[in-house]
Amino acid sequence: MIEQDMSSRNDEFPIREDLVIQALSDEVGEEMIPFLVERFRTDLQTHLDGVIIAASSFDGEQLERESHTLKSVSGTFGAVRLQKQMTMINECCRRGDVKQAIKFADKVKVIGQLTMEAYLKD
């Protein structure tokens, strides 16, 4: 299955892509980055919890919403590995394959923690 192949390769993606942060800094100004990164960390925790809760309660609709939001915000801040994981979860939910989405959600806590740590340095 394509999703399983993607899941095994997901570890190849960086936790944090600093080129994305630099581009954001160029756009909004370097002085805004610490504030925006802190906001990202807050949103990250909120939506990670949402994904984990939705997966543990087999709530496909909520899992789709939370993974979509987290996919978007992760992409904005260069959290590539998390973005890819959320993309796989979201696509499974959109196809109605909640069981596979929940399997992908098993890695979310670990990837989320690695992401949180990677964004502590700003």
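Residues numbered from 1 in each chain as written. Predicted model: local features only at pLDDT ≥ 70, side-chain atom pairs only at ≥ 80, totals over all residues. Heavy atoms only, no water.

Here's the deal with the packing of helix H5 (residues 80-95) against helix H6 (residues 98-105)
Here comes step 1: Closest axis-to-axis distance for the H5/H6 pair is 7 Å, and the angle between their directions is 165 degrees. The pairing of H5 with H6 is recorded here as roughly antiparallel in orientation. Judged by the sense of rotation from one axis to the other, the crossing of H5 with H6 is left-handed. Of the residues in H6, those touching H5 at Gln85, Met88, Ile89, Cys92 and Cys93 are Val98, Gln100, Ala101, Phe104 and Ala105.
Here comes step 2: Looking at the contact of H5 with H6, its residues break down into eight nonpolar, two polar and no charged. (Axes fitted to C-alpha atoms, helices over the stretch in contact; angles between N-to-C directions. Helix = DSSP H or I, 4+ residues; strand = E, 2+ residues; numbered from the N terminus. Parallel < 35°, antiparallel > 145°, perpendicular 65-115°, else oblique. Left-handed = near helix turned anticlockwise from the far one by under 90°. Contact = heavy atoms within 4.5 Å. Nonpolar A, V, L, I, M, F, W, Y, C, P; charged D, E, K, R; others polar.)

A look at the state of the cysteines
In a disulfide, the sulfur atoms of two cysteines are held together by a covalent bond.
Here comes step 1: The full count for this structure, using the stated rule, is zero disulfides.
Here comes step 2: Distance from the sulfur of Cys93, which forms no disulfide, to the nearest cysteine sulfur (Cys92) is 7.0 Å. (Disulfide = S-S within 2.5 Å.)

Some words on the packing of H5 against helix H7 (residues 108-118)
Here comes step 1: Running from N to C, H5 and H7 point in directions that differ by 155 degrees, and their axes come no closer than 9 Å. By the angle class used here, H5 and H7 are roughly antiparallel. Pair H5 / H7 crosses with left-handed handedness. Contacts between H5 and H7 involve Arg81, Leu82, Gln85, Met86 and Ile89 on the former and, on the latter, Val108, Ile111, Leu114 and Thr115.
Here comes step 2: Taken together, the residues of the contact of H5 with H7 sort by class into six nonpolar, two polar and one charged.

Function cannot be read off these values alone, since they describe shape.
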